[in-house]
Amino acid sequence: MNTVKTVLDLRAAVARARSEGKRIAFVPTMGNLHAGHIALVEKARQRADFVVASIFVNPLQFGPQEDLASYPRTLTADQEKLLGAGCHLLFHPDVEEMYPHGMDGQTRVSVRGVSEGLCGGSRPGHFDGVATVVTKLFNMVQPDIAVFGEKDFQQLAVIRTLVRDLNLPIQIVGEPTARAEDGLALSSRNGYLDETQRATAPVLYRTLTQLAEAIRGGERDYPRLLEQGKSTLEAAGLRPDYLEVRDSNDLRPATEATRQLVILVAAFLGKTRLIDNLTFEL
Ligand code: PAF
């Protein structure tokens, strides 16, 4: 597996693979890779001949009070994991390579609708940062397909919408959330949790499962149900940011008539903000 740091080298390596008739898959990441990321690379390998991953901690998607500076950077371990998973090329640019003209004047991609509310409400500008860097990366790599985790459900919806709206010829593939044995969704931010917090964290997924069971069992008073869910999280020591039931197709608030549902949650455990979601059909 080669690691390249410039757009020029990236394009040359991808062009070589293309000239050999290879189908290109892309897995964008911010590094600190865990089994969830490796599942994305494996899915990419199943669907294409040449897998490109990127590791770039994108400053544009972090708010001023967020964890940009402390976000774990573990390049050597990540390279080993990518190599083991069969990745062919790693793009690891620095900030100047991605934003050579600075970030203030950078053209932004802003996806309407699905970016609003949920994480978009709590993290203003976050999805503009994600949509902008993903569009740039797509233009640099020009893959046939790109694989993203369903754990970041709203992010996946934002990316599907931007690909549709900007007519990008890229197939977006979602990969189900990888979980620890106790149900906690794998996330690079789980590393911030101390032992006690880590033991508490699975309550997030348990709560989602309980809510889904109640809805499957016929409960339709979503506001009441969600209040109960928030109380469960609070009782366990979490501070809910949001807990909502939405239509999984367009992220609009669910009504009694909605059949394809997603329950989405974000909550703070100490200073760590965790997200998770559960999709199901009625
Ligand atoms: O999900 C992530 O790791 C990031 O948001 C992404 C898609 C790599 C963009 O920086």
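Here the structure is a predicted model, which means the values were calculated and not measured. (Residues numbered from 1 in each chain as written. Predicted model: local features only at pLDDT ≥ 70, side-chain atom pairs only at ≥ 80, totals over all residues. Heavy atoms only, no water.)

## Side note on the site of the ligand
Around the ligand lies a shell formed by Pro28, Thr29, Met30, Gln61, Val133, Phe148 and Gln155. Within the side chain of Gln61, one N or O atom sits 2.6 Å away from an oxygen atom of the ligand. For the ligand, the accessible surface in isolation is 290 Å², of which the surrounding protein chains cover 88%. For the shell around the ligand, the residue count by class is 4 nonpolar, 3 polar and no charged. (Near = heavy atom within 4 Å. Polar contact = N/O pair within 3.5 Å; in protein donor to acceptor, adjacent residues only side chain to side chain. Areas by Shrake-Rupley, 256 points an atom, 1.4 Å probe, with all protein chains shown as cover. Nonpolar A, V, L, I, M, F, W, Y, C, P; charged D, E, K, R; others polar.)

## Notes on the environment of Met1
With respect to the element layout, Met1 can be found in the segment before strand 1 (2–4). Measuring from C-alpha to C-alpha, the distance between Met1 and Glu80 comes to 9.4 Å, with 79 residues separating the pair along the chain. (Helix = DSSP H or I, 4+ residues; strand = E, 2+ residues; numbered from the N terminus.)

## Some points on helix 10 (residues 222–235)
Along its 14 residues, helix 10 runs 20 Å from first to last C-alpha, staying within 8% of the 20 Å computed at 1.5 Å per residue. Among all positions in helix 10, only Tyr222, Leu225, Leu226, Gly229 and Leu233 are buried. What you see down the axis of helix 10 is that its buried residues fit within an arc of 95 degrees, all on one side. Away from its buried face by more than 90 degrees, helix 10 exposes Pro223 and Ala235. Residues of helix 10 that are buried sit in contact with helix 9 (203–216), strand 7 (239–247) and strand 8 (260–269). (Expected span 1.5 Å × (residues − 1). Buried < 20%, exposed > 50% of the residue type's maximum accessible area, 1.4 Å probe, protein only. Arc of directions from axis to C-beta. Contact = heavy atoms within 4.5 Å.)

Nothing here speaks to function; it is geometry throughout.
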